[in-house]
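Here is what each chain is made of, one letter per residue.
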Amino acid sequence: MDVSWYERAVRVLTEDNRWRHLVSSPDPQVRAARNRATGAAARGPVVAVTGAASGVGALLTERLAATDEVKQVVAIDERRGECAGVEWHVLDVRDPAIADKLRGADVVVHLALDLDLETDPAARTAYNVRGTQTVLTAAAAAGVHRVVLCTSAMVYGALPDNELPLAEDAELRATAEATGVGDLLEIERLARRAPRAHPGLNVTVVRPAILVGGTDTALTRYFESPRLLVVAGSRPAWQFCHVEDLCTALEYAVLEKVEGELAVGCDGWLEQEEVEELTGIRRMELPSAVALGAAARLHRIGLTPSPAGDLAYTMYPWVVSGSRLHDAGWRPQWTNEEVLAELLGEVAGRHTVAGRRLGRKDATAAGAAGATVALLGTAALVRRARKARRRI
């Protein structure tokens, strides 16, 4: 019999003595928690948030703690955050002991993901995939009836034949060639398998467009460049999502106003020409072979954190409709133009070439020479790396 990766992972965990008493049935506490779930909406749910000390997790924790529609917030992270009035637990989400911390929770929002460009890819994948799998299994063991996961609209893939906009149920056609997308695709697979492995557990997946608001990604670094790289023949379409809008969308999922697979972003999109006009940054157009080849070489020799696959998301559209959230009454409070303006304010003073942040000395040159430095700087980085390897 062909046993899925997910089922094998569950089997490994259940062989761990720390899990055995949690997943073996029948557990009266687990049954009671599931029976209480039907009445949770009347009194407000108990919500656990992982990754609660920083980023989107911290913002969501603050928001949920302030609303009367939530009975209690359980905050979980590897360090204690600043939000008061919540129940803090300090531990790694990969620790099976998290199941004990989730007892009594009705909903878990899992936001403990590492998508840092500088993190070792293997370590990042190990953390993201194992963390999500552990949270799903622990939630089921603890009697939680809903888990909300957050991935990205990047899972749809950036392709020249994508519809504008994409529906939530569009095929996920991304590959693992862009930063973190392989992890997100595996998380999506775990989300689909979890309800089959754990009957009674519902999973909602939220997929934001380009996230802005204290974030650092290959796509936000695109706007730190002295010139906006445009690949000849491409058709980019830019859609953003402010972290505040993501938090309100997550709150809709927590309160069960909407469920299933949800895409979230600003209404509509911006064409490349509109982006250039709004930013005041001129384009630098390169042939596809040159742009993709240079990106691949620079990443291969370790000079840039972004693989060539990241370029696809600046070449082709991956705009989402967000129709399910709209049908539930949710509306974004930010426009694409407003989010782009906020992003420009956040990246002011930073200078990036091919996804690599330049030092102060190089940044001064980039500001003065613009596109020439971007091109020559890339070539210089390659030559410098080759010379270094010859000396070794």
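Because the structure is a prediction, the values reported are computed rather than measured.

J.: Before we go on, may I ask you to explain the pattern of salt bridges in this structure?
T.: One side chain can pair with another of opposite charge once the charged atoms of both are near each other. This model, assessed by the stated rule, comprises 15 salt bridges. Note that Arg221 is salt-bridged to Glu118, the shortest N-O span being 3.3 Å. Taken together, the residues span a long stretch of sequence, with Arg221 in helix 9 (residues 218–221) and Glu118 in the loop between strand 4 (107–110) and helix 7 (121–142) at a distance of 103 residues. Looking at Glu118, the relative accessible area reads 54%, which means it is exposed. Between Glu259 and Arg146 there is a salt bridge, and its shortest N-O distance comes to 3.0 Å. Here Glu259, found in the loop between helix 10 (243–254) and strand 11 (261–264), pairs with Arg146, found in strand 5 (residues 146–150); they are 113 residues apart in sequence, far enough to count as distant. Overall, the relative accessible area of 3% leaves Arg146 in the buried class. When salt bridges that share partners are traced, they join Glu273, Glu276, Arg283 and Glu285 into one network.

J.: Please clarify how the packing of helix 5 (residues 55–66) against helix 10 should be interpreted in this entry.
T.: In helix packing, the relevant descriptors are the interaxial angle and the interaxial distance, both defined with respect to the helix axes. At a minimum axis separation of 10 Å, helix 5 and helix 10 run at an interaxial angle of 55 degrees. Looking at the two axes, helix 5 sits oblique to helix 10. Pair helix 5 / helix 10 crosses with right-handed handedness. Of helix 10, the residues touching helix 5 (which contributes Val56, Leu59, Leu60, Arg63 and Leu64) are Val243, Leu246, Cys247, Thr248, Leu250 and Glu251. For the contact of helix 5 with helix 10, the residue count by class is 8 nonpolar, 1 polar and 2 charged.

J.: Before we go on, may I ask you to explain the packing of aromatic side chains in this structure?
T.: Scanning all chains against the criterion turns up 6 aromatic pairs. Geometrically, the ring pair formed by Phe223 and Phe240 is tilted, given 6.1 Å between the ring centres and 55 degrees between the ring planes. Of this pair, Phe223 sits in the loop between helix 9 and strand 8 (228–231) while Phe240 sits in strand 10 (residues 240–242), and the two are 17 residues apart along the sequence. Measuring from ring centre to ring centre gives 5.2 Å for Tyr313 and Trp318, while their planes differ by 90 degrees; the resulting arrangement is edge-to-face. For the residue pair Tyr313 and Trp318, the accessibility class agrees, reading buried in each case.

J.: Is there a simple way to think about a negative patch on the surface in this case?
T.: A contiguous patch of negative charge on the surface is contributed by Glu271, Glu274, Glu277, Glu337 and Glu338. Of all elements in the fold, only helix 11 (272–279) and helix 14 (336–347) reach the threshold of two or more residues within the negative patch. Relative to the elements of secondary structure, Glu337 occurs in helix 14.

J.: Even after reading the chapter, I still don't get the nonpolar core, so can you show me in this structure?
T.: For soluble globular proteins, nonpolar side chains are generally found buried alongside one another. Judged by nonpolar contacts, the single largest core of 72 residues is most densely connected at Leu102, Phe223, Phe240 and Tyr313. The dominant element in this core, judged by the number of residues it contributes, is helix 7, at 8 residues. Residues within four places of Tyr313 in sequence aside, it is in contact with Met154, Gly157, Ala158, Ala174, Ala178, Val181, Leu219 and Trp318.

J.: Is there a simple way to think about the sheet that holds strand 3 (residues 87–90) in this case?
T.: Each strand in a sheet pairs with its neighbour through backbone hydrogen bonds, running either in the same direction (parallel) or in the opposite one (antiparallel). Here 7 strands make up an open sheet; going across it, the order is 3-2-1-4-5-6-11 and the pairing parallel. Two strands in the sheet have a free side with no partner beyond their single neighbour: strand 3 and strand 11. Across the sheet, the mean angle separating the axes of adjacent strands is 20 degrees when strand polarity is ignored. In this sheet, strand 4 lies alongside strand 1 (residues 46–50) in parallel orientation, the contact comprising 4 bridges. When the bridges of strand 4 are listed, Ala48 appears paired with Val108. Lying over the sheet, helix 5 contacts strand 1, strand 2 (72–77) and strand 4, oriented at roughly 165 degrees with respect to strand 1. Sitting on the sheet, helix 8 (residues 181–197) touches strand 5 and strand 6 (202–208), and the angle it makes with strand 6 is about 160 degrees.

J.: I'm lost on the pairing of strand 2 in this one. Help?
T.: The side chains of a regular strand alternate between the sheet's two faces. Here strand 2 lies mainly inside the structure; 5 of its 6 residues are buried. In the sheet, strand 1 pairs with strand 2 via 5 bridges, with the strands oriented parallel. Its bridge partner lying in strand 2, Val47 is registered against Val73. As for the winding sense of the linkage, the β-α-β connection from strand 1 through helix 5 to strand 2 is right-handed. Judged from the 4 bridges that link them, strand 2 and strand 3 form a sheet pairing that is parallel. Across the sheet, Ile76 pairs through a bridge with His89, a residue of strand 3.

J.: Would you mind showing me how to read the packing of helix 7 against helix 8 here?
T.: Their axes nearest at 10 Å, the elements helix 7 and helix 8 cross at an angle of 15 degrees. It follows from the interaxial angle that helix 7 and helix 8 lie roughly parallel. Where helix 7 crosses over helix 8, the handedness of that crossing is right-handed. Mapping the contact onto sequence places Arg124, Thr125, Asn128, Val129, Thr132, Gln133 and Leu136 in helix 7 and Asp183, Glu186, Ile187, Leu190 and Ala194 in helix 8. Looking at the contact of helix 7 with helix 8 residue by residue, the class counts come to 5 nonpolar, 4 polar and 3 charged.

Procedures and definitions
Residues numbered from 1 in each chain as written. Predicted model: local features only at pLDDT ≥ 70, side-chain atom pairs only at ≥ 80, totals over all residues. Heavy atoms only, no water. Salt bridge = Lys/Arg side-chain N within 4 Å of Asp/Glu carboxyl O. Helix = DSSP H or I, 4+ residues; strand = E, 2+ residues; numbered from the N terminus. Buried < 20%, exposed > 50% of the residue type's maximum accessible area, 1.4 Å probe, protein only. Axes fitted to C-alpha atoms, helices over the stretch in contact; angles between N-to-C directions. Parallel < 35°, antiparallel > 145°, perpendicular 65-115°, else oblique. Left-handed = near helix turned anticlockwise from the far one by under 90°. Contact = heavy atoms within 4.5 Å. Nonpolar A, V, L, I, M, F, W, Y, C, P; charged D, E, K, R; others polar. Phe/Tyr/Trp six-rings, centres within 6.5 Å; stacked < 30°, edge-to-face > 60°. Patch = residues over 30% accessible without salt bridge, like charges linked within 9 Å, V, L, I, M, F, W, Y side chains within 5 Å. Areas by Shrake-Rupley, 256 points an atom, 1.4 Å probe, with all protein chains shown as cover. Lys, Arg positive; Asp, Glu negative; His and termini not counted. Charge placed at Lys NZ, Arg CZ, Asp CG, Glu CD. Core = buried A, V, L, I, M, F, W, Y, C linked by side-chain atoms within 4.5 Å. Pairing = 2+ DSSP bridges. Right-handed = clockwise from strand over helix to strand, strands pointing away.

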